[in-house]
Amino acid sequence: TVAPNPVSVGSNSTIAQSTTVGSSSTVATPPGVNITNATSHDDSTNVVNDDDPLDSFGEIKEDHCNTPTSILGPYVIYDLWRIVYWSSQLLTWLILPVIQSFSQAGEFTVWGKLKTSLRD
């Protein structure tokens, strides 16, 4: 057990804190003050905010940061590359030559132009 250290909670009040070696810690508080079920941080009521990024010692909590939404999964870039690669291959070798032949065909009907463009 570590010796108690005074911790300032409000504007004029001080509580004594003692910590144990294990994962739990105990806090000695004055009568009538409950800091375990706190929901907001207000110096006049001595309540600790659960959403506060700092713990009671003023240190940053480790689990406060969330994963950014801009982080992509491990295969997203690879899948996007495959889509771009194969769509450019399809456009280059099939669709664009058919469209060029269709526009240059001398037939009068759509089906006649399509037959001529597929033949070329």
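Rules behind the numbers
Residues numbered from 1 in each chain as written. Predicted model: local features only at pLDDT ≥ 70, side-chain atom pairs only at ≥ 80, totals over all residues. Heavy atoms only, no water. Patch = residues over 30% accessible without salt bridge, like charges linked within 9 Å, V, L, I, M, F, W, Y side chains within 5 Å. Areas by Shrake-Rupley, 256 points an atom, 1.4 Å probe, with all protein chains shown as cover. Salt bridge = Lys/Arg side-chain N within 4 Å of Asp/Glu carboxyl O. Helix = DSSP H or I, 4+ residues; strand = E, 2+ residues; numbered from the N terminus. Buried < 20%, exposed > 50% of the residue type's maximum accessible area, 1.4 Å probe, protein only. Contact = heavy atoms within 4.5 Å. Expected span 1.5 Å × (residues − 1). Bend = angle between axes of the 7 residues up to and from the residue. Axes fitted to C-alpha atoms, helices over the stretch in contact; angles between N-to-C directions. Parallel < 35°, antiparallel > 145°, perpendicular 65-115°, else oblique. Left-handed = near helix turned anticlockwise from the far one by under 90°. Nonpolar A, V, L, I, M, F, W, Y, C, P; charged D, E, K, R; others polar.

(A) Quick look at a nonpolar patch on the surface. The grouping of Leu 90, Leu 91, Trp 93, Leu 94, Ile 95, Leu 96 and Ile 99 at the surface amounts to a nonpolar patch, some 710 Å² of accessible area in total. With respect to the helices and strands, Leu 90 occurs in helix H1 (residues 76–104). Here Leu 90 falls in the partly exposed class, since its relative accessible area comes to 42%.

(B) Molecular detail of the side chain of Ser 117. The residue Ser 117 is located in helix H2 (residues 110–119) in this model. Once residues lying within four places of it in the same chain are set aside, the contact partners of Ser 117 are Val 98, Ser 101 and Phe 102.

(C) H1, seen in detail. Counted at 1.5 Å a residue, the expected span for H1 with its 29 residues is 42 Å, and the 40 Å between its end C-alpha atoms agrees. A maximum bend of about 45° is found in H1 at Leu 91.

(D) Broad picture of the packing of H1 against H2. Orientation of H1 relative to H2, taken along the N-to-C sense of each, is 130°, at an axis distance of 8 Å. In terms of their interaxial angle, H1 and H2 are classed as oblique. Seen along the crossing, H1 lies across H2 with a hand that is right-handed. Along the contact surface, H1 presents Val 98, Ser 101 and Phe 102, while H2 presents Val 110, Lys 113, Leu 114, Ser 117 and Leu 118. Its residues placed into classes, the contact of H1 with H2 shows five nonpolar, two polar and one charged.

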